[in-house]
Amino acid sequence: MRWIVVVLLMLGLGTGAVAAEESPWDGQTVLVTGANRGLGLEFARQLQAAGADVIGTARKPEKAEELKALGVRVVQLDVTDEASVAALVKELDGVMIDVLLNNAGIFLEYGKFESADPASAMTVYDVNVLGPMRVIQALLPNLRASERKMIMNMSSGLGSIANNNSGGMVAYRSSKAALNMQTRTLAADLAEEEFICIAMSPGWVRTDMGGENATLSPAESVSGMLSTLAPLTPENTGTYLNYDATELPW
Ligand code: NAP
C-alpha cells in the first residue's frame, strides 16, 4: 500500500496542483458582471477555486466585501451607465478576456400584462438587454485577443417564448427573450471568428432574485453552468442551454 502512496506523491497527485492543472478553467481570464452577490458571486468563487483569473464587476466595489475577500480583481461597472462602461474599457485596455459572463440582471414586477408598468419595463430592458449589449461591444477587442472567445448571456427559462403558457412577468420575460435574440444575432455575426455565444438559464435559484423557495442553491446552479460551458466549442454557438446542459426551446 505504501508504495502506491509514494508513486502518487511522485506524480504530484493529492497535492491539489494536479487538480488545478486539469481544470478547464485553469489560467482562463473570466469577467463576471454583477459579481458582488447572488449567482455572480458564486461564479467568482467557483471559477477562482478552479484556477481562473477572475475579474468581478460591481456597481459599488467599496461595498463588495465578499467579492473582495476572494482576492479576485474587482472593477466598477454599472451596465446602464455609458461613463462606467467607458471607464471599464480604459481600465481593461490590453487585457485579454477568454470568457465574458454577462450575469448582471434585474427583476422588478410580477403580475399580469394589464398591470405592467411601462416605465419599470424600460428600466428592466436597460439593464437586462442593453446592459449586455454595451458590455459586449465594449469588450470585443479584449475577447478577440483570446483563443476561447466565449460570451455567456444570462437568460432565464422565463425568456422562452415556446415554454410560456403561464403568462405574467411580461417585462422580465420580454427582456430575456430579447437577450436570447441578441445572443443568436451575435452568434451569427461572430461565427466566422469562431466565437462561442450562449444564452443560458441558471434554473430557479435561491438568491435575492430567486427567493428562498427556489429549488437550487447558487452552488448547484453555478457548478452545473460551469460544467455545461466548459466543453463547448464554436460548433455550439447560438444555443440556449439550461444549467444542466439540456437545450431549451426558444
Ligand atoms: P441578484 O441576486 O438579484 O443579483 C443581481 C446582480 O446584478 C447583483 O450583483 C446586482 O448588483 C447586479 N446588477 C443589477 N443591476 C445592475 C446594473 N445596472 N449594473 C451592473 N450590475 C447590476 O440576482 P441573481 O439571482 O444572482 O441573478 C443573476 C442573473 O441570473 C440575472 O441576470 C437573472 O436575471 C438571472 N436569473 C436568475 C434566476 C434565479 O432564480 N435567481 C433565474 C433565472 C435567471 P447590485 O448588488 O449593485 O444591485
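Reference entry: report on the structure contained in this document. (Residues numbered from 1 in each chain as written. Predicted model: local features only at pLDDT ≥ 70, side-chain atom pairs only at ≥ 80, totals over all residues.)

## Notes on the sheet that holds strand β3 (residues 73-76)
Pairing between the strands of a sheet is mediated by backbone hydrogen bonds and can be parallel or antiparallel.
So, point 1. Taken together, 7 strands build an open sheet; the order of strands is β3-β2-β1-β4-β5-β6-β7 and the sheet is parallel. Two strands close off the open sheet at either side, each with one partner strand: β3 and β7 (239-242). Between one strand axis and the next, the sheet turns through 20° on average, direction left out of account.
So, point 2. Here 4 bridges tie strand β6 (residues 196-201) to β7, and the two strands are oriented parallel to one another. Residue pairing in the sheet places S201 in a bridge with N242 of β7. (Pairing = 2+ DSSP bridges. Helix = DSSP H or I, 4+ residues; strand = E, 2+ residues; numbered from the N terminus. Axes fitted to C-alpha atoms, helices over the stretch in contact; angles between N-to-C directions.)

## Some remarks on the packing of helix α3 (residues 38-49) against helix α8 (residues 218-229)
So, point 1. Their axes nearest at 9 Å, the elements α3 and α8 cross at an angle of 60°. Overall, the two elements α3 and α8 adopt an arrangement that is oblique. For the crossing formed where α3 meets α8, the hand is right-handed. Two secondary-structure elements touch here, α3 through G38, L39, E42, F43 and Q46 and α8 through P218, A219, S221, V222, S223 and L226.
So, point 2. Here the residues of the contact of α3 with α8 sort into 6 nonpolar, 4 polar and 1 charged. (Parallel < 35°, antiparallel > 145°, perpendicular 65-115°, else oblique. Left-handed = near helix turned anticlockwise from the far one by under 90°. Contact = placed C-beta atoms within 7 Å. Nonpolar A, V, L, I, M, F, W, Y, C, P; charged D, E, K, R; others polar.)

## Quick notes on unusual backbone geometry
So, point 1. The backbone of K149 sits at a positive phi, close to 50°, despite the residue not being glycine.
So, point 2. Along the polypeptide, K149 turns up in the loop between α6 (118-144) and β5 (150-154).
So, point 3. The phi dihedral of M169 is positive, around 55°, even though this residue is not glycine.
So, point 4. Relative to the helices and strands, M169 resides in the loop between β5 and α7 (170-189).

## Some details on the site of the ligand
So, point 1. What surrounds the ligand is a group of 29 residues, the closest being G34, G38, G105, T207 and G210.
So, point 2. Looking at which element gives the most residues to the shell around the ligand, the answer is α3, with 3 residues.
So, point 3. Classifying every residue of the shell around the ligand gives 12 nonpolar, 12 polar and 5 charged. (Near = placed C-beta within 6 Å.)

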